[in-house]
Amino acid sequence: MSTTGGSGTWVEGDCGQSTQLVHAGVNPDPTTGAILTPIVQATTFVQESIDLYLSKGYSYSRTANPTVRALENKIAEIEHAAGATCFSTGMAATVTVMTAFMRAGDHCVITNCSYGGTNRVARKMFMGLGMEFSFVDFTDLAEIEGAIKPNTKLIFSETPANPTLTLTDLQGVSAIAKKHNIVHCCDTTFATPIITLALDHGVDIAMHSTTKYYDGHNMTVGGVIACKTAEHDAEIKFFQNMHGNVMSPMVAFLTLQATKTMKLRVLQQSQTAQKVAEFLEAHEKVEICRYPGLESFPKAQKAIADKQHKNNVHGGMLWFEVKGGTDAGRRLMDSVQRPWSLCENLGATESIITCPSVMTHANMEKEDRLKVGITDGFVRVSCGIEDTEDLIRALKVALDNL
Ligand SMILES: *Cc1c(COP(=O)(O)O)cnc(C)c1O
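Cut-offs used in this document
- Residues numbered from 1 in each chain as written.
- Predicted model: local features only at pLDDT ≥ 70, side-chain atom pairs only at ≥ 80, totals over all residues.
- Heavy atoms only, no water.
- UniProt positions renumbered as here; feature names shortened; annotations may be inferred.
- Helix = DSSP H or I, 4+ residues; strand = E, 2+ residues; numbered from the N terminus.
- Rg over C-alpha atoms; globule rule 2.2 N^0.38 Å.
- Buried < 20%, exposed > 50% of the residue type's maximum accessible area, 1.4 Å probe, protein only.
- Contact = heavy atoms within 4.5 Å.
- Areas by Shrake-Rupley, 256 points an atom, 1.4 Å probe, with all protein chains shown as cover.
- Lys, Arg positive; Asp, Glu negative; His and termini not counted.
- Charge placed at Lys NZ, Arg CZ, Asp CG, Glu CD.
- Near = heavy atom within 4 Å.
- Polar contact = N/O pair within 3.5 Å; in protein donor to acceptor, adjacent residues only side chain to side chain.
- Nonpolar A, V, L, I, M, F, W, Y, C, P; charged D, E, K, R; others polar.

The protein chain appears in an unreviewed UniProt entry as plant cystathionine gamma-synthase from Sphaeroforma arctica JP610. Among the UniProt annotations of the protein chain, the heading Cofactor (unreviewed entry) holds the following wording: "pyridoxal 5'-phosphate". Under the heading Sequence similarities (unreviewed entry), UniProt records this for the protein chain: "Belongs to the trans-sulfuration enzymes family."

As structure tokens, then:
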């Protein structure tokens, strides 16, 4: 909490997450008192003298930028990390983790159930560069440990997984990682820090696509890596400075503002998702609906949700399939009306319906996709912050008309 009055410097301390979301990392501008961090749109920073090089902390905006740094400091505090690094996109963040911790000949145990781009970059880029990946069912801890080899350097998990919502027991996986001295990185984009603080469950590195819930307004693309240790944080920053895949000051500014309302948004979106899931599950045209808040969620998976999800909520994402398979599913997605939008992206104020087989996961091998249950009629739902009744009414019309 601030120790020097309302204009003092924010000091990390004992306060709740809602206060952190608003204030962490942000101080009144020292020259003007502006309450919001300015957009420092500058390539370079003038030095007082050669001896005082870097005395103000900045040299060149690929290496560090004050607006981006404010967001990084905010996220580090929110995520209980030693440091955070923001990226141009979520994929840039994922690629940087893989390049920072693996070399040709090294091996990664990765979930077989992930964002499509994660699967693609492993298969189409890193495997071509001589790195090995084992795609494993992360609901089975024995299978994860069994896949570890002497050259395993990284375990890469994702919870809840996009788009199936498969949950990973982070403490279980982290214990295996520690035992074998392997870095555990988790993509916690779907969980958000409101629902799961991955680093509190033993994970070494938490990754988010900030495009999704951190932004939450369909405004920007971005990513972040939050590290438990300062050593890992320095390693990530070293690699980013070489790659140059940085977040822009404008995107950082927008994300700084949007982050303040993340808890309000995620709690509301979760409440809506619970009601939408209950409606869908009860509808006669719906074959299956999956949401961690439903009693029908697989038992072992439900136990993970109970242990790992805070605030008694399970997020704004769910999925379902309609009776009649692919054709009916596609007709539904084509016909559902406002407030729903048919598009990619998720986690935003606008409610979104997505067809993963054609959109977000089209880049996965069909075999990989079907193995984890992403059929052609699979409907992914991201609940926004509109009135729940309006969202349910539009879905009901589309379903009744099938
Ligand atoms: C969207 C997404 C990504 C990729 O992020 P971009 O910002 O689109 O590059 C990675 N992981 C998950 C879980 C996602 O939903």
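When helices and strands are counted, the protein chain shows 14 helices and 12 strands. Taking 2.2 N^0.38 as the reference for a compact globule, 402 residues should give roughly 21 Å; the C-alpha atoms of the protein chain span a radius of gyration of 21 Å, in line with that estimate. Each of the 402 residues in the protein chain was classed as buried or not, and the buried ones make up 55%. The contacts of the protein chain with a sequence gap of at least 6 include a subset with a gap of at least 24, amounting to 71%. Summed over all atoms, the accessible surface of the protein chain reaches about 16,600 Å², with 54% contributed by carbon and sulfur. The average position of the 35 basic charges and that of the 43 acidic charges among the side chains of the protein chain differ by 2 Å.

Bringing unusual backbone geometry into the picture now. In this structure, the amide linkage connecting N162 to the following residue, P163, adopts the cis form with an omega of 0°. Positionally, P163 belongs in the loop between β4 (152-158) and α6 (170-179). R338 connects to P339 through a cis peptide bond whose omega is 10°. Residue placement: P339 occurs in the loop between α12 (325-335) and β10 (341-342). The phi angle at L165 is positive, at roughly 65°, despite the residue not being glycine. On the secondary structure map, L165 appears in the loop between β4 and α6.

For the rest of this paragraph, the subject is the site of the ligand. Neighbouring the ligand are 14 residues; M91, D187, S209, T211 and K212 lie closest to it. Within the side chain of S209, an N or O atom sits 2.8 Å from an oxygen atom of the ligand. Residue T211 places a side-chain N or O atom 2.7 Å away from an oxygen atom belonging to the ligand. In isolation the ligand offers 380 Å² of accessible surface; the protein chains occlude 92% of this area. Classifying every residue of the shell around the ligand gives four nonpolar, seven polar and three charged.

The subject of this paragraph is the environment of V109. Checked against the element boundaries, V109 lands in strand β2 (residues 107-111). Sequence-wise, V109 and D137 are 28 residues apart; in three dimensions their C-alpha atoms are separated by 10.0 Å. Filtering out sequence-adjacent residues up to four positions away, V109 remains in contact with S134, V136, F138, I144, A147, I148, T152, L154, I155 and F156.

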